[in-house]
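# Fold and geometry: a report
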Amino acid sequence: MSHVLLSFLFLCTSSNALLLQPRLAPRAPAPHCSIAIFGASGGTGSEAVLQALERGEDVTCLVRDPAKLKSPRTSSTFKEGEPFGTSKLTVKQGSVTNKADVDAVFASGKVSGVVVALGGKTKDVGPTMLQDGTANIVAAMKKNRVKRISVVTTIGAGDSMDQAPWAFRLLMMTVMSSIMADKNKQEEVVSTAGSDLEYCLVRPGGLKTGPPTGIVTAGKDQDAGAITRADVAAFCLDAVLEPDFKFVRQAVSISSNMGSGFDSVLADKTKSRMAKK
């Protein structure tokens with residue numbers, strides 16, 4: 001072996017040989033998401049705002065009264081009852097039943113997912129607010145090529161009547177008949193006009209206040225059960241943020257249970273985050 005070749009091999013095996021190695025391309029950053037939240041000043045919607053911001057996402061909200069958009073609880077970043085003071089939150093004032101107001105939420109072209117947590121008394125918002133507002137949202141999503149959406153309805157909506165407790169069924173057929181008719185139409189809008197979207201219809205049982213438990217059970221035929229608004233919000237955010245979310249184009253009933261033996265359907269990182277609250 002020639003002297004020149006031996007010298008070359010020595011150089012290649014020395015520490016200086018690192019200079020000859022190809023430089024690795026930098027790892028691509030995680031995709032950044034911007035979430036639009038409708039019904040953001042309500043109990044579940046404000047939880048979705050809080051948790052989305054704590055996940056590091058940008059958030060855009062449409063609310064009728066911006067003064068009512070406040071943190072639902074104290075967290076490491078926000079204080080209960082106070083406005084969300086962060087540049088990552090954009091607040092639009094308007095009505096979900098006004099197409100122009102809804103379109104304005106998507107004007108930046110950055111929205112990548114949508115959470116719908118609309119609510120209110122029929123006498124205040126009208127008998128068709130849910131279906132009309134959701135129709136505007138679906139149209140804006142399709143116009144702006146946004147695919148992921150989670151919509152909070154209720155147990156008893158659609159084909160889930162048999163999963164609701166008997167007493168709740170009685171209420172739905174009497175004093176709640178108007179709001180239930182609107183919720184059923186809302187689900188129909190999503191599953192028909194929005195059939196090409198990656199949607200999830202979220203049907204919680206009895207809603208509770210309180211911090212998130214990180215435990216959510218979900219299923220097509222699951223009986224209704226109580227669940228915190230915080231856990232509903234976590235599930236809705238997973239629905240629009242997790243690439244492998246397994247309930248896409250489904251309507252599922254969700255509940256919480258702090259007992260043992262329940263396998264939460266929340267993403268692992270979501271459960272870990274909730275456990276620290």
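This one's a predicted model, so the numbers in the text were calculated from it and none came from an experiment.

### Here we look at the overall build of the protein
- Counting secondary structure elements, the protein contains 9 helices and 10 strands.
- Across the 277 residues in the protein, those meeting the buried criterion constitute 46%.
- In the protein, the share of contacts with a sequence separation of at least 24, taken over all contacts with a separation of at least 6, comes to 72%.
- Carbon and sulfur atoms provide 55% of the accessible area of the protein, an area that totals close to 14,300 Å².

### With respect to the side chain of Ser253
- Its location among the elements puts Ser253 in strand β10 (residues 250-255).
- Excluding residues that lie within four positions of it along the chain, Ser253 makes contacts with Ile155, Ser160, Gln163, Arg203, Thr217, Ala218, Gly219, Lys220 and Gln222.

### Let's talk about the packing of aromatic side chains
- All chains considered together, the criterion is met by 5 aromatic pairs.
- Taking 6.0 Å as the distance between ring centres and 45° as the angle between the ring planes, the aromatic pair formed by Phe235 and Phe247 counts as tilted. With Phe235 in helix α8 (residues 229-241) and Phe247 in the loop between α8 and β10, this residue pair connects regions lying 12 residues apart in the sequence. For the pair formed by Phe235 and Phe247, the shared burial category is buried.
- Taken together, the ring pairs in this structure connect Phe235, Phe245 and Phe247 into an aromatic cluster.

### Overview of the pairing of strand β4 (residues 113-116)
- Of the two faces of β4, the one lined by Gly113 and Val115 and the one lined by Val114 and Val116 are each fully buried.
- The pairing of strand β1 (residues 34-38) with β4 spans 4 bridges and is classified as parallel. When the sheet's bridge partners are listed, Phe38 is paired in β4 with Val116.
- In this structure, β4 lies alongside strand β5 (residues 148-152), joined through 4 bridges in parallel fashion. The partner of Gly113 across the bridge, within β5, is Arg148.

### Focus on the layout of surface pockets
- Considering only enclosed or pocket space, the largest pocket measures out at about 920 Å³ in volume.
- If you trace the largest pocket, you find 39 residues lining it, with Ala117, Leu118, Gly119, Gly120 and Met129 closest to the centre.
- Going through the elements one at a time, α2 (43-54), β2 (58-63), α4 (122-125), α5 (129-143) and α7 (177-192) are the ones with two or more residues in the lining of the largest pocket.
- A per-element tally of the lining of the largest pocket places α2 first, with 3 residues.
- Here the residues of the lining of the largest pocket sort into 17 nonpolar, 15 polar and 7 charged.

Procedures and definitions
Residues numbered from 1 in each chain as written. Predicted model: local features only at pLDDT ≥ 70, side-chain atom pairs only at ≥ 80, totals over all residues. Heavy atoms only, no water. Helix = DSSP H or I, 4+ residues; strand = E, 2+ residues; numbered from the N terminus. Buried < 20%, exposed > 50% of the residue type's maximum accessible area, 1.4 Å probe, protein only. Contact = heavy atoms within 4.5 Å. Areas by Shrake-Rupley, 256 points an atom, 1.4 Å probe, with all protein chains shown as cover. Phe/Tyr/Trp six-rings, centres within 6.5 Å; stacked < 30°, edge-to-face > 60°. Pairing = 2+ DSSP bridges. 1 Å grid on protein atoms, 1.4 Å probe; cavity = no way out; pocket = protein on both sides within 12 Å on 5 of 7 lines; lining within 4 Å. Points joined across faces, edges and corners; volume = space filled by probe spheres on them. Nonpolar A, V, L, I, M, F, W, Y, C, P; charged D, E, K, R; others polar.

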